[in-house]
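# Topology and contacts: notes
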Amino acid sequence: MSQIKEKYEVYPMYIDGAWVGNDHEYYTKVTNPATGAVVGAIPTGGTYEAKLAVDAAHTAFKTWSKKTAEERYHLLMNWYRLIDEKKDEIAKLMTIEQGKPLKEALGETVYANGFISWYAEEGKRVYGETIPASQPNKRILVRKEPVGVVAAITPWNFPAAMITRKVAPALAAGCTTVIKPATQTPLTALKLAELAHEAGIPKGVINVVTGKSSEIGDVWLKDPRVTKITFTGSTEVGKTLMVGAAENVKKVSLELGGNAPFIVMDDANLSKAAVGLVQSKFRNAGQTCICTNRIYVQESVAEEFTALFTKELEKLKVGNGLEEGIDVGPLIDDAALEKVKTLVEDATNNGGKIVYSGNKPSEENGYYYAPTILTGITDEMACMKEEIFGPLAPITTFKTEEEVIERANNSNYGLAAYVYTENLSRSFRVTEALEYGIIGLNDGTPSAVQVPFGGYKESGLGREGGHFGIEEFLEVKYISIGLDI
Ligand SMILES: NC(=O)C1=CN([C@@H]2O[C@H](COP(=O)(O)OP(=O)(O)OC[C@H]3O[C@@H](n4cnc5c(N)ncnc54)[C@H](O)[C@@H]3O)[C@@H](O)[C@H]2O)C=CC1
Ligand SMILES: O=C(O)[C@H](O)CS(=O)(=O)O
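Under the annotation held in an unreviewed UniProt entry, the chain carries the name Aldehyde dehydrogenase and is attributed to Gottfriedia luciferensis. According to its UniProt record, the chain has this under Sequence similarities (unreviewed entry): "Belongs to the aldehyde dehydrogenase family."

Have a look at this one:
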């Protein structure tokens with residue numbers, strides 16, 4: 001029996017309405033990225049538990065999909081009310097395992113819960129169609145039906161929202177789910193499952209499996225009873241899942257990496273742009289797929305803008321997210337910290353300059369990186385090509401609108417982009433020319449539950465959120481009716 005179990009609180013998996021894995025042979029530690037302290041342990045599940053979860057979801061689908069939208073609405077709203085009651089407790093758990101400041105964790109919990117209330121309602125608006133037939137004795141009926149058992153594989157950066165943004169529409173559509181949260185942040189997912197259980201969501205409708213990612217993923221890719229994979233995470237893993245799904249033509253929705261350009265035109269409101277850039281760059285310590293990654297400032301305003309941006313950064317406090325007034329927490333792990341350091345080294349070795357770097361805690365076990373501004377950046381540097389996923393702001397300049405559009409579009413990613421200008425015609429010219437699924441026009445925080453969230457190119461497939469998000473969990477059936485008329 002693992003020593004880990006003897007030393008730390010175990011958070012079991014949730015499969016078929018039961019908590020399993022307390023007697024597992026192997027466990028994985030969950031650590032606080034702000035202190036390195038172990039905050040709990042999860043059973044290291046694999047093939048066996050992955051299949052058990054599909055058995056449960058497949059059985060539950062037979063009854064859950066036959067409930068009316070109204071009945072599913074009431075159960076989802078029970079879940080919503082319980083999450084609302086416990087939002088402070090969930091937020092604290094999220095900060096402890098993911099590191100984001102408590103105010104951000106509370107914001108995410110409310111945002112995550114917003115998907116549940118939105119889709120509880122949306123499930124009642126899954127409309128079909130009748131289409132005028134060409135023959136008098138025929139009628140054409142179009143129905144929408146739940147796709148079946150959905151496998152959701154979610155990342156560590158939004159431990160609650162990335163689950164409910166998938167599970168809420170899936171359940172509202174009549175689907176059942178098997179969920180694998182990120183190994184770094186399983187506790188929030190398990191808390192959401194506990195509250196779903198308390199809300200009366202029947203056993204097997206939601207199942208949470210923790211453990212060996214690729215082993216669990218492979219079971220779900222191969223099992224024909226799993227009709228859909230929905231994933232948020234790296235483009236690399238997204239491609240792996242897409243290849244695996246091809247074997248039995250399994251549906252996929254992918255929310256993958258980004259490399260967001262943030263464009264400041266010479267006619268921008270520079271103070272507004274500086275505030276918007278802080279919001280877009282340093283949310284979750286820069287660990288969101290829509291965080292600004294590359295900053296393009298028109299030459300004539302570059303010096304003034306950089307000074308304004310620096311002043312905004314001086315206000316940011318870095319530290320343990322549980323403390324009062326913290327704006328930027330630690331990165332998720334040592335690998336993430338080392339990646340940011342490597343990107344800074346590459347830039348400074350090739351002519352880039354650190355013009356600002358804030359304070360960070362001396363806590364040696366915390367994965368802290370201080371908010372940092374680089375100038376003298378060129379498009380050839382790694383920080384402009386790779387997803388930084390950290391509080392690093394590389395600034396480069398441009399001369400013309402045509403030039404910056406070409407440079408901004410020169411990426412395999414196409415998730416989010418930001419542009420600041422006060423000119424109406426330029427707003428339309430630039431936003432229509434940018435090859436990105438999400439555009440913040442004079443707005444650094446475009447995320448909302450009612451919008452289509454997703455990317456062009458290698459940033460993903462499909463959309464999550466709003467009325468778009470439930471379509472991902474529905475099949476379209478056409479019924480041709482011959483009558484004796
Ligand atoms: N688009 C987004 O919102 C996100 C993008 N990322 C990007 O990915 C990079 C790495 O972050 P990670 O959390 O390591 O992302 P990841 O893509 O490795 O992991 C995301 C989820 O996929 C699971 N996973 C990993 N390999 C798998 C496999 N072969 N089969 C099934 N599931 C698998 C993980 O356990 C986790 O639950 C980040 O630095 C960032 O660049 C990470 C998180 C979110
Ligand atoms: O994965 C992410 O980074 C999130 O989707 C970003 S957001 O939806 O919270 O903006």
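Still more to cover.
## Quick word on the overall build of the chain
Scanning the chain from terminus to terminus reveals 16 helices and 22 strands. Its C-alpha atoms give the chain a radius of gyration of 23 Å, within 12% of the compact-globule value 23 Å for 485 residues. Along the first, second and third principal axes, the C-alpha set of the chain runs to 75 × 70 × 40 Å. With an accessible surface of roughly 19,900 Å², the chain has 52% of that area assigned to carbon and sulfur atoms.

## Remarks on the sheet that holds strand 13 (residues 292-298)
Ordered by their spatial adjacency, seven strands build an open sheet running 14-15-16-13-12-18-19, and the pairing between neighbours is mixed. The open sheet has two free edges, formed respectively by strand 14 (353-357) and strand 19 (438-441), since each of these has just one partner strand. Across the sheet, the mean angle separating the axes of adjacent strands is 20° when strand polarity is ignored. Two elements, strand 18 (residues 416-420) and strand 19, share four bridges in a ladder whose sense is parallel. When the bridges of strand 19 are listed, valine 419 appears paired with leucine 441. Taken strand by strand, helix 14 (residues 401-409) contacts strand 12 (260-264), strand 13 and strand 16 (392-398), and its axis lies near 140° from that of strand 16.

## A word on the UniProt feature "active site" (unreviewed entry) in the chain
UniProt records the feature "active site" (unreviewed entry) for Glu255 in the present numbering. Structurally, glutamate 255 can be placed in strand 11 (residues 251-255). Residue classification places glutamate 255 among the buried residues on the basis of a relative accessible area of 2%. With residues up to four places along the chain from it excluded, the contact list for glutamate 255 reads Arg165, Lys166, Phe231, Thr232, Gly233, Leu415, Phe453, Gly454, Ser459, Gly462, Arg463 and Glu464.

## Some points on the nonpolar core
Most often, soluble globular proteins have nonpolar side chains that are buried together. Of all hydrophobic cores here, the largest spans 66 residues; its most connected members are Ile263, Ile295, Phe305 and Phe309. Beyond its immediate chain neighbours, meaning those up to four positions away, phenylalanine 309 contacts Ala274, Leu277, Val278, Phe282, Ile295, Ile373, Ala393 and Ile395. With 55 residues, the next largest nonpolar core counts Trp79, Leu93, Val167 and Ala189 among its residues.

## A closer look at helix 7 (residues 186-198)
Over its 13 residues, helix 7 runs 19 Å from end to end, which matches the ideal 18 Å to within 8%, given 1.5 Å per residue. In terms of burial, helix 7 is a largely internal element, ten of the 13 residues being buried. Considered for burial, the residues of helix 7 that qualify are Pro186, Leu187, Thr188, Ala189, Leu190, Lys191, Leu192, Ala193, Leu195 and Ala196. Remark: glycine 200 follows helix 7 within two positions and exhibits a positive phi of approximately 90°.

## Here's the deal with the packing of aromatic side chains
Summed over the entire model, instances satisfying the criterion amount to seven aromatic pairs. With a centroid separation of 5.1 Å and an interplanar angle of 20°, the aromatic rings of phenylalanine 262 and tyrosine 420 are classed as stacked. With phenylalanine 262 in strand 12 and tyrosine 420 in strand 18, this pair connects stretches of sequence that are 158 residues apart. We classify tyrosine 420 as buried; its relative accessible area is 2%. Centroid distance phenylalanine 305 to phenylalanine 309: 6.1 Å. Interplanar angle 10°. Geometry classified as stacked. With phenylalanine 305 and phenylalanine 309 both in helix 11 (residues 302-313), this residue pair falls four residues apart, about one helical turn. Take phenylalanine 305 and phenylalanine 309: they sit in the same class, and that class is buried. Site record: aromatic cluster; members linked through ring pairs are Phe262, Tyr418 and Tyr420. Over the ring of phenylalanine 158 we find lysine 100, and its NZ or CZ is 3.9 Å from the ring centre. Above the face of the phenylalanine 453 ring, arginine 165 is positioned so that its terminal group lies 4.0 Å from the ring centre.

## Examining the side chain of glutamate 49
Its place among the elements puts glutamate 49 in helix 2 (residues 47-64). We note that glutamate 49 is buried and unpaired, the nearest opposite charge coming from lysine 212 at a distance of 7.1 Å. At 2.9 Å, the side chain of glutamate 49 and the side chain of histidine 24 are in polar contact. Excluding residues that lie within four positions of it along the chain, glutamate 49 makes contacts with Met13, Ile15, His24 and Val209.

## So, the site of ligand 1
In the region of ligand 1, 23 residues are neighbours, and Thr154, Trp156, Ser234, Leu256 and Glu387 sit closest. Protein coverage of the free-state accessible area of ligand 1, which is 800 Å², stands at 82%. Of all the secondary-structure elements, those providing two or more residues to the shell around ligand 1 are helix 8 (213-222), strand 10 (226-232) and helix 9 (235-246). The leading source of residues in the shell around ligand 1 is helix 8, at three residues. The class makeup of the residues in the shell around ligand 1 is eleven nonpolar, nine polar and three charged.

## Quick notes on the confidence of the model for the chain
Counting all residues, the mean pLDDT for the chain is 97, and 100% of those residues have values of 70 or more. Interface predicted TM-score (ipTM) for the complex: 0.94; the corresponding pTM is 0.97.

## Some remarks on the site of ligand 2
The environment of ligand 2 is made up of Tyr111, Asn157, Phe158, Met162, Arg165, Thr232, Arg283, Thr288, Cys289, Ile290, Ser447 and Phe453. With the chains in place, 99% of the 290 Å² that ligand 2 exposes on its own is no longer accessible. In the shell around ligand 2, the residues fall into six nonpolar, four polar and two charged.

## Comments concerning the UniProt feature "domain: Aldehyde dehydrogenase" (unreviewed entry) in the chain
Those places that UniProt annotates as "domain: Aldehyde dehydrogenase" (unreviewed entry) correspond, in this numbering, to residues 19-479. In this annotation, residues 19-479 is assigned 40% helix and 21% strand; the end-to-end C-alpha distance for the span is 42 Å.

## What about unusual backbone geometry?
Located in the positive-phi region is asparagine 284, a residue other than glycine, with phi close to 60°. Here asparagine 284 lies in the loop between helix 10 (270-282) and strand 13. Judged by its relative accessible area of 2%, asparagine 284 is buried. If you check the backbone angles, alanine 285 has positive phi at about 60° while not being a glycine.

Each value, and the rule that gives it
Residues numbered from 1 in each chain as written. Chains lettered and ligands numbered in written order. Predicted model: local features only at pLDDT ≥ 70, side-chain atom pairs only at ≥ 80, totals over all residues. Heavy atoms only, no water. UniProt positions renumbered as here; feature names shortened; annotations may be inferred. Helix = DSSP H or I, 4+ residues; strand = E, 2+ residues; numbered from the N terminus. Rg over C-alpha atoms; globule rule 2.2 N^0.38 Å. Areas by Shrake-Rupley, 256 points an atom, 1.4 Å probe, with all protein chains shown as cover. Pairing = 2+ DSSP bridges. Axes fitted to C-alpha atoms, helices over the stretch in contact; angles between N-to-C directions. Contact = heavy atoms within 4.5 Å. Buried < 20%, exposed > 50% of the residue type's maximum accessible area, 1.4 Å probe, protein only. Core = buried A, V, L, I, M, F, W, Y, C linked by side-chain atoms within 4.5 Å. Expected span 1.5 Å × (residues − 1). Phe/Tyr/Trp six-rings, centres within 6.5 Å; stacked < 30°, edge-to-face > 60°. Lys NZ or Arg CZ within 6 Å of the ring centre and 35° of its normal. Lys, Arg positive; Asp, Glu negative; His and termini not counted. Salt bridge = Lys/Arg side-chain N within 4 Å of Asp/Glu carboxyl O. Polar contact = N/O pair within 3.5 Å; in protein donor to acceptor, adjacent residues only side chain to side chain. Near = heavy atom within 4 Å. Nonpolar A, V, L, I, M, F, W, Y, C, P; charged D, E, K, R; others polar. pLDDT = per-residue confidence, 0-100.

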